[in-house]
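# Notes for the structure review
Residue strings, one per chain:
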Amino acid sequence: MPSGDFLKAFGLIFDSNNGYLPVSLKGRLHHAETSLLFPGSSQWISGLLMAIPFLEGKSQIKINSLKSRPYIDITLDILRQAGIQIYEPEKDLFVVHGYQPVLNCRFKVESDWSTAAFYIAGSACHGELIIEGISKSSSHADKKILEVLEQYGANVNWLNDDQLYVKSTDKPGSFDIDIGDSPDLFPVICAMAVRASGPCRIYGIERLEHKESNRLATIMEEWNRLGLKIETEGNVAVVYPGNVKGGEFYSHNDHRLVMAGIILGSFSERGLWILGSDAVNKSYPQIWDDLSKFTTLEHKR
């Protein structure tokens, strides 16, 4: 659903240049009782759930075709720790009373599984690593990377509740995985699939076009550039194993593609030049300094 339609029910008028800048926003947020089609990103839902407890009156929101539910659950957990009451009388129906007070509270913000997945995937391909600060009990959607590693055959072991040990296997297996709730994993697990023993099937790819790039299209373009094979069958991407000789890899201004390119380059024959590598600054600007601590790389700033 276009973002303008999503916001209109709550009194806001949103306009853009066909989905691009510049944008304009008019009106005042008010409570509403409505049924909405999932807007394409859970961030819209999270932002709304954080705002409506402070409005006048009760709001009731039914989200149809809700995706990325684990991210909504993280939002709900943080709000409840702050004393905000949000009820869910039935699946994906949220009832929120207005004028709610916020309680003093202290909670620990867990580390980012989406970024950790890059290191987890890279370590599954070769080498070994201890990753600190990610929670064993996390409900983060990208924790699903561990299901990929289980099928892949990598050695994975929790040393304690926030230390994960990952070691690669000499004979990585293929995997079948649904990323409908965790689309950010797609680039790095595609890189893992290149080293698999057979074709890997990745389900739930319909939302990839709405990321920093159209990730399905851009991954397929870069795989083709490197002589690698990836096909689609409806809502499934099939990634085939292959050899990465080297060459140029374009980021398409997408930080997750940069991370996938780093993994591919790490087991390529001649290395990869990642063009537009500064796209990674969106989420992880210090990545080059961190990588240089345990690997050899050349980065033109």
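Preceding this paragraph is the structure being described.
Below is a summary of the structure that appears in this document.

So, how was this worked out
- Residues numbered from 1 in each chain as written.
- Predicted model: local features only at pLDDT ≥ 70, side-chain atom pairs only at ≥ 80, totals over all residues.
- Heavy atoms only, no water.
- Helix = DSSP H or I, 4+ residues; strand = E, 2+ residues; numbered from the N terminus.
- Patch = residues over 30% accessible without salt bridge, like charges linked within 9 Å, V, L, I, M, F, W, Y side chains within 5 Å.
- Areas by Shrake-Rupley, 256 points an atom, 1.4 Å probe, with all protein chains shown as cover.
- Salt bridge = Lys/Arg side-chain N within 4 Å of Asp/Glu carboxyl O.
- Pairing = 2+ DSSP bridges.
- Axes fitted to C-alpha atoms, helices over the stretch in contact; angles between N-to-C directions.
- Parallel < 35°, antiparallel > 145°, perpendicular 65-115°, else oblique.
- Left-handed = near helix turned anticlockwise from the far one by under 90°.
- Contact = heavy atoms within 4.5 Å.
- Nonpolar A, V, L, I, M, F, W, Y, C, P; charged D, E, K, R; others polar.

### Observations regarding the environment of Lys-8
One can find Lys-8 in helix α1 (residues 3–8). A C-alpha to C-alpha distance of 34 Å links Lys-8 and Lys-144, two positions 136 residues apart in sequence.

### Focus on a nonpolar patch on the surface
Among the surface-exposed residues, Ile-78, Phe-107 and Val-109 lie close enough to one another that they form a single nonpolar patch of about 260 Å² accessible area. Within the secondary structure, Ile-78 is located in helix α3 (residues 69–81).

### Some details on the sheet that holds strand β3 (residues 33–37)
Pairing is mixed in the open sheet, where four strands are placed in the order β3-β4-β6-β5. Each edge of the open sheet is held by one strand with a lone partner, namely β3 and β5 (86–90). Each strand axis lies, on average, 25° off the axis of its neighbour in the sheet, ignoring direction. Relative to strand β6 (residues 93–96), strand β4 (residues 59–64) runs antiparallel, the two sharing four bridges.

### Examining the packing of helix α4 (residues 113–125) against helix α8 (residues 255–266)
At their nearest, the axes of α4 and α8 sit 10 Å apart, and the two run at 15° to each other. Here α4 lies roughly parallel to α8, going by the angle between them. Crossing of α4 against α8: the hand is right-handed. Contacts between α4 and α8 involve Ser-114, Thr-115, Phe-118, Ala-121, Gly-122 and Cys-125 from the former and Arg-256, Met-259, Ile-262 and Ile-263 from the latter. For the contact of α4 with α8, the residue count by class is six nonpolar, three polar and one charged.

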